[in-house]
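# Close look at the chain arrangement
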Amino acid sequence: MLRGDAPQRYGAITLLYTENRGAFLSLGSNLPGHWRVTIFDGFVALTLVVAIIVLFRGLLQSSADRIAVALLVAGGAGNLIDRIRFRGRVTDFLLLSIGPLHTGVFNVADMAITAAVLWLMLSWILARVHRAAARLR
């Protein structure tokens, strides 16, 4: 799909070229330029460095958590590369719709980041519940 091409619909999936100055679903796209650079370039780069350190120092016990952090790093790096290459913009191209339900336009890196964050949140919640149950025994 190239810039200017008409959207291509394949059932629930539509390929639609867009450029996004914000985060997932254009969050923060209306921030002033210096704030977008600080958050989406600087903070993301710092977070990626921390995640890489956690990953390679073996600070995560679960192999599933390590996979989730690797997905987070891969997705974050992909979007950061896009921002550097395209002057602060990320290329988004996927739109899902089923009847009246639809997503915003996103990319594969967003999918990796979202899956990683959801997995880690669930993993940490379950670990807390397990620890709390162990204290009650």
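The paragraphs below set out a description of the structure included in this document. Note that the coordinates shown come from a computational prediction; the quantities given were computed from them, not determined experimentally. (Residues numbered from 1 in each chain as written. Predicted model: local features only at pLDDT ≥ 70, side-chain atom pairs only at ≥ 80, totals over all residues. Heavy atoms only, no water.)

Counting secondary structure elements, the chain contains three helices and four strands. Ordered by position in the sequence, the α and β elements of the chain form the string β-β-α-α-β-β-α. The principal-axis extent of the C-alpha atoms belonging to the chain is close to 60 × 40 × 25 Å. The 137 residues of the chain split such that 26% are buried. A separation of at least 24 residues holds for 53% of the contacts in the chain among residues at least 6 apart in sequence. About 9,300 Å² of surface is accessible on the chain, with carbon and sulfur atoms providing 70% of the total. Here the chain contributes 14 positive and 7 negative side-chain charges, whose respective centroids are spaced 10 Å apart. (Helix = DSSP H or I, 4+ residues; strand = E, 2+ residues; numbered from the N terminus. Buried < 20%, exposed > 50% of the residue type's maximum accessible area, 1.4 Å probe, protein only. Contact = heavy atoms within 4.5 Å. Areas by Shrake-Rupley, 256 points an atom, 1.4 Å probe, with all protein chains shown as cover. Lys, Arg positive; Asp, Glu negative; His and termini not counted. Charge placed at Lys NZ, Arg CZ, Asp CG, Glu CD.)

Turning our eyes to something else, we now look at the pattern of salt bridges. The tally for this structure, following the rule as stated, stands at one salt bridge. As a salt-bridge pair, R89 and E19 come within 3.6 Å of each other at their nearest N and O atoms. Of this pair, R89 sits in the loop between α2 (63–85) and β3 (90–98) while E19 is found in strand β2 (residues 13–20), placing the two residues 70 residues apart along the sequence. (Salt bridge = Lys/Arg side-chain N within 4 Å of Asp/Glu carboxyl O.)

Attention now moves to the nonpolar core. In terms of nonpolar packing, the biggest core is built from ten residues, these being L48, A51, L55, L60, A68, V69, V73, L80, A116 and L120. Put simply, the parts of the chain that give this core at least two residues each are α1 (33–56), α2 and α3 (108–136). Looking at this core element by element, the count peaks at four residues for α2. Apart from residues no more than four positions distant in its own chain, V69 is found in contact with A51, L55, L60 and L120. (Core = buried A, V, L, I, M, F, W, Y, C linked by side-chain atoms within 4.5 Å.)

At a minimum axis distance of 10 Å, the contact between α1 and α2 shows a crossing angle of 150°. One element, α1, and the other, α2, form an angle in the roughly antiparallel class. α2 is crossed by α1, and the crossing has left-handed handedness. Two secondary-structure elements touch here, α1 through F40, D41, V44, A45, L48, A51, I52 and L55 and α2 through R66, V69, A70, L72, V73, G76, A77, L80 and R83. (Axes fitted to C-alpha atoms, helices over the stretch in contact; angles between N-to-C directions. Parallel < 35°, antiparallel > 145°, perpendicular 65-115°, else oblique. Left-handed = near helix turned anticlockwise from the far one by under 90°.)

Here N107 lies in the loop between β4 (101–102) and α3. Here N107 falls in the buried class, since its relative accessible area comes to 3%. From its side chain, N107 meets the backbone oxygen of T91 in a polar contact 3.1 Å long. When neighbours within four sequence positions are excluded, N107 is seen to be in contact with N79, V90, T91, D92, F93 and L94. (Polar contact = N/O pair within 3.5 Å; in protein donor to acceptor, adjacent residues only side chain to side chain.)

This part takes up the pairing of β3. Examined bridge by bridge, β2 and β3 share six bridges and lie antiparallel to one another. Residue T18 lies in a different strand from β3, and its bridge partner there is D92. Two strands pair when backbone bridges link them, and β3 and β4 are joined in this way by two bridges, in the antiparallel orientation. Of the residues in β4, the one forming a bridge with S97 is H102. (Pairing = 2+ DSSP bridges.)

Purely spatial values, then, with no claim about function.
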